Amino acid sequence: MYKVMLVFDNYELLSDVQNLHIWGDISDFEIVKVVRDGNSAYKEMKKQKYDLIITEIYITGIDSLQLLRRAKSEGLCDHIVLCSERSNFDYARHGIILGAFDYFVKPFDINQFYSMFSRIKNEVYANGASEILYAEELLAYFENRDKGIYEYIDEMLSKIYSYNGDSFSADREVQQIYKTVINQIFAENEWLDLYISQEDFYVPGIIKEGDCNSYKMHYRNKLQDLFEEYSILFPNTHNEKIKEVILYILFNPESDLKQKTIANNLYINSSYLSTVFSAHTDIRFVDYLTMVKMKRAGWLLRKTELKITEIALRLDYRDMGYFSRLFKKLYKLTPSEYRMPENYTFEI
């Protein structure tokens, strides 16, 4: 939602604007603050960023033109609209000179408001080109399994939170980048849902309002978590046949994944598969297979009420002791301990 503040001294005029059927979900512009005078409006503008401010021409304290001048010179709001009960050409002209975004007079035409909303969105979209570039860069790091992503994330967050005037605006920009990356990764890799729940990446972390560092740490940790899991589950390889093997395993963690079975299904020599897989991924085939199964076991433990013995059998482990040892080797917890979130903080 785009945040809107109204600055009105005239109750009737304020009511006319508030009662226009243009606010909220219908337009994505929401009135979040109403003040009665210019001094209050100026203080509020310095406290937080607004996407749009609509002010009556005749207000007490700092008048609307002074408010407009200060807002523009201090970079407090890019979209300030003047509003009055009757047309005042001189006032409107001065407002335009000072940078007013628009000028509305009663009776209000909602089409003019929608036109204004559209222009603001287009401006914000143009300014948001950096968001697209950041998201594309992050996705490229994912695609190449490039560990330089850790440094890139830190640099990106530092830049965004330094050049934005407040943590709210910065958080909104980072949130959009974050959502784009998360949604794209899950959309392009449907197998991920078998090991990681996309919804987990939208669970709020510990964020202190107004604390830039807590925002940065939240998004940094989540993006790094996804990158690490993605890289482990889907090791990078330029060999298309090995990539086919990896995807076959990822899509079928509970199927018969014996080396011979996979080789037969994909028309590969069994011994050749083992040798080539290790050469192209730097991980032994059997170790990769075990890791994938344990990752699937972790998901089943967290997201279902299946008994541990049932989970082990679904993954073709009949020896519970052996299954538990393999699981603990990866997670540093036994399956039963891993299933107790109230006592443990689990990494995704």
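Right above here is the structure, for reference.
The paragraphs below set out a description of the structure included in this document. A quick note: this is a predicted structure, and the numbers were derived from the prediction, not measured.

**Let's talk about the overall build of the chain**
Counting secondary structure elements, the chain contains 16 helices and 5 strands. For 348 residues, the compact-globule formula gives about 20 Å, and the C-alpha radius of gyration of the chain, at 28 Å, lies well above that figure. Across its three principal axes, the chain shows a C-alpha extent of roughly 85 × 40 × 35 Å. Taking all 348 residues of the chain together, 45% fall into the buried category. Here the analysis covers contacts within the chain between residues at least 6 apart in sequence; of these, 62% occur between residues at least 24 apart. In the structure as shown, the chain presents an accessible area of about 18,200 Å², 49% of it carried by carbon and sulfur atoms. Across the chain, the mean location of the 42 positive side-chain charges is 5 Å away from that of the 52 negative side-chain charges.

**A word on the sheet that holds strand β4 (residues 80-84)**
Reading across from one edge, β2-β1-β3-β4-β5 is the order of the 5 strands in this open sheet, with parallel pairing throughout. The open sheet has two free edges, formed respectively by β2 (29-35) and β5 (102-105), since each of these has just one partner strand. Neighbour-to-neighbour, the strand axes of the sheet open up by a mean angle of 25 degrees, direction not taken into account. Where strand β1 (residues 2-7) meets strand β3 (residues 52-56), 4 bridges bridge the pair, whose relative direction is parallel. Its bridge partner being in β3, Leu6 is matched across the sheet by Ile54. The strands that helix α3 (residues 64-73) touches are β3 and β4; relative to β4, the one it contacts most, it runs at about 175 degrees.

**Comments concerning the pattern of salt bridges**
Proximity of charged atoms lets side chains of opposite charge pair with each other. A full pass over the atoms with the stated rule returns 17 salt bridges. Taking the shortest distance from any N to any O, the salt bridge between Asp16 and Lys106 comes out at 2.7 Å. In this pair, Asp16 sits in helix α1 (residues 11-18) while Lys106 sits in the loop between β5 and α5 (110-127), placing the two residues 90 residues apart along the sequence. With a shortest N-O distance of 2.6 Å, Arg318 and Asp316 are connected by a salt bridge.

**A few points about the nonpolar core**
Counting 52 residues, the largest nonpolar core has Leu138, Leu192, Leu226, Val245, Ile249 and Leu250 as its most contacted members. No other element matches helix α8 (residues 167-188), which puts 8 residues into this core. Sequence-distant contacts of Leu226, that is, excluding residues within four places in its chain, are made with Phe142, Ile182, Ile185, Phe186, Leu192, Ile196 and Phe201.

**Regarding the packing of aromatic side chains**
One pass over the full model with this rule turns up 26 aromatic pairs. Taken together, a centroid distance of 4.5 Å and an interplanar angle of 25 degrees make the contact between Phe327 and Tyr331 stacked. Here the residue Phe327 and the residue Tyr331 both occupy positions in helix α15 (residues 320-331), the gap between them amounting to 4 residues, near one helical turn. Judged on exposure class, the residue Phe327 and its partner Tyr331 are both buried. Aromatic ring contacts, followed pair by pair, group Tyr2, Trp23, Phe29, Phe104, Phe108, Phe113, Tyr114 and Phe117 into a single cluster. Lys3 extends its terminal NZ or CZ atom over the ring of Tyr50, reaching a point 5.2 Å from the ring centre.

**Quick look at the state of the cysteines**
Throughout the structure, instances matching the rule amount to 0 disulfides. Of all cysteine sulfurs in the structure, the one in Cys83 sits closest to Cys77, which takes part in no disulfide; the separation is 15 Å. Given the relative accessible area of 0%, Cys83 is considered buried.

**A short note on the side chain of Glu56**
Residue placement: Glu56 occurs in strand β3. For Glu56, the side chain forms a polar contact with the main-chain nitrogen of Asn10, separated by 2.9 Å.

**Some thoughts on the pairing of β4**
Judged by how many residues are buried, β4 sits mostly within the fold: 5 of 5 residues are covered. Side chains of β4 alternate between two faces, with Ile80, Leu82 and Ser84 and Val81 and Cys83 buried alike. Pairing geometry for β3 and β4, over 4 bridges, is parallel. From the neighbouring strand, Glu56 faces β4, where its bridge partner is Cys83. Each parallel crossover has a hand, and the one from β3 via α3 to β4 is right-handed. Sheet topology note: the β4/β5 ladder contains 4 bridges and is parallel.

Definitions and limits used
Residues numbered from 1 in each chain as written. Predicted model: local features only at pLDDT ≥ 70, side-chain atom pairs only at ≥ 80, totals over all residues. Heavy atoms only, no water. Helix = DSSP H or I, 4+ residues; strand = E, 2+ residues; numbered from the N terminus. Rg over C-alpha atoms; globule rule 2.2 N^0.38 Å. Buried < 20%, exposed > 50% of the residue type's maximum accessible area, 1.4 Å probe, protein only. Contact = heavy atoms within 4.5 Å. Areas by Shrake-Rupley, 256 points an atom, 1.4 Å probe, with all protein chains shown as cover. Lys, Arg positive; Asp, Glu negative; His and termini not counted. Charge placed at Lys NZ, Arg CZ, Asp CG, Glu CD. Pairing = 2+ DSSP bridges. Axes fitted to C-alpha atoms, helices over the stretch in contact; angles between N-to-C directions. Salt bridge = Lys/Arg side-chain N within 4 Å of Asp/Glu carboxyl O. Core = buried A, V, L, I, M, F, W, Y, C linked by side-chain atoms within 4.5 Å. Phe/Tyr/Trp six-rings, centres within 6.5 Å; stacked < 30°, edge-to-face > 60°. Lys NZ or Arg CZ within 6 Å of the ring centre and 35° of its normal. Disulfide = S-S within 2.5 Å. Polar contact = N/O pair within 3.5 Å; in protein donor to acceptor, adjacent residues only side chain to side chain. Right-handed = clockwise from strand over helix to strand, strands pointing away.

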